[in-house]
Amino acid sequence: MWFADLLQRIRELENWTGDFSLPAAVWLAGFFNPQSFLTAIMQQMARKNEWPLDRMVLQCDVTKKTREEMAGAPREGAYVHGLYMDGARWDLQTSMIAESRLKELTPLMPVIFIRAIPVDRQDLRNIYDCPVYKTKMRGPTFVWTFNLKTKRSPANLDVNVNCCKWKSLSSDVNRSVFHDWKMDMKP
């Protein structure tokens, strides 16, 4: 299991370093330190537009495409793949978080377009701040917070929502996971 994961990481790096350009879709869970990649996206936009880095945020737009359907890298930001949702699913029709289906424990997320924008341009209506983790273990494996669209305001959801997760090389989990959309959160 870990060896197949290692071989996949090597293939990804070889493809990336072959022509030294950003791949059409980046396997974010394959990074040892995904925070660095996400920070680099913000740094690139901040330098390009001469914006202060501390006033930048990441905007996450979930596409309707799979990794194989991506033709090329975006001009700004990056497309990322390899994420799964646990306890919920991404509805391709509405482009929002939806209740999970029976026996569909960890559905694959479509490719996500991540780009940096100034914090004052961020639209927070019906957005759930979804924490991202490297592994199924919470706590020290926290990576980032992705903003995902919901049908209603997160404060008015009937269910408690939580987080996203990614697999790491040291994890015994065999794939990356957006995890626990329904978490036992007490008010």
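Rules of the game
- Residues numbered from 1 in each chain as written.
- Predicted model: local features only at pLDDT ≥ 70, side-chain atom pairs only at ≥ 80, totals over all residues.
- Heavy atoms only, no water.
- Phe/Tyr/Trp six-rings, centres within 6.5 Å; stacked < 30°, edge-to-face > 60°.
- Helix = DSSP H or I, 4+ residues; strand = E, 2+ residues; numbered from the N terminus.
- Buried < 20%, exposed > 50% of the residue type's maximum accessible area, 1.4 Å probe, protein only.
- Expected span 1.5 Å × (residues − 1).
- Arc of directions from axis to C-beta.
- Contact = heavy atoms within 4.5 Å.
- Salt bridge = Lys/Arg side-chain N within 4 Å of Asp/Glu carboxyl O.
- Pairing = 2+ DSSP bridges.

The name given to the chain in an unreviewed UniProt entry is Dynein heavy chain C-terminal domain-containing protein, with the source organism recorded as Pomacea canaliculata.

K.L.:
Can you tell me about the packing of aromatic side chains, naming the residues and giving the values?
P.N.:
Evaluation of the coordinates by the stated rule reveals 4 aromatic pairs. With a centroid separation of 5.3 Å and an interplanar angle of 45°, the aromatic rings of Tyr79 and Phe113 are classed as tilted. Of the two residues, Tyr79 sits in strand β3 (residues 78–81) while Phe113 sits in strand β6 (residues 112–118), which places them 34 residues apart along the sequence. By the burial criterion, Tyr79 is buried, and Phe113 matches it. Linked through ring pairs, Trp16, Phe31 and Phe37 together constitute an aromatic cluster.

K.L.:
Summarise helix α1 (residues 2–19); cite the residues concerned and give the values.
P.N.:
Over its 18 residues, α1 runs 27 Å from end to end, which matches the ideal 26 Å to within 8%, given 1.5 Å per residue. Along α1, the residues classified as buried are Asp5, Arg9 and Glu12. Take α1 and look down its axis: the buried residues cluster within an arc of 60°, on one side only. Facing away from the buried side of α1 by over 90 degrees, the exposed positions are Glu14, Asn15, Gly18 and Asp19. Looking at the buried positions of α1, the neighbouring elements they touch are β1 (26–27) and β3. Directly after α1, the chain includes Phe20, whose backbone phi takes a positive value near 55°.

K.L.:
Could you give me a rundown of the pattern of salt bridges, with the residues and numbers involved?
P.N.:
Going through the model one piece at a time under the given rule, you end up with 7 salt bridges. Asp5 serves as the salt-bridge partner of Arg9, at 2.9 Å between the closest nitrogen and oxygen. Here Arg9 pairs with Asp5, and both are found in helix α1, just 4 residues apart, close to one helical turn. Each member of the pair, Arg9 as well as Asp5, is classed as buried.

K.L.:
Can you explain the pairing of strand β4 (residues 88–91)? Please cite residues and give values.
P.N.:
The side chains of a regular strand alternate, residue by residue, between the two faces of the sheet. Both faces of β4 are covered, namely the face carrying Ala88 and Trp90 and the face carrying Arg89 and Asp91. Here 4 bridges tie β4 to strand β5 (residues 96–99), and the two strands are oriented antiparallel to one another. Bridging from a neighbouring strand, Trp90 pairs with Ile97 of β5.

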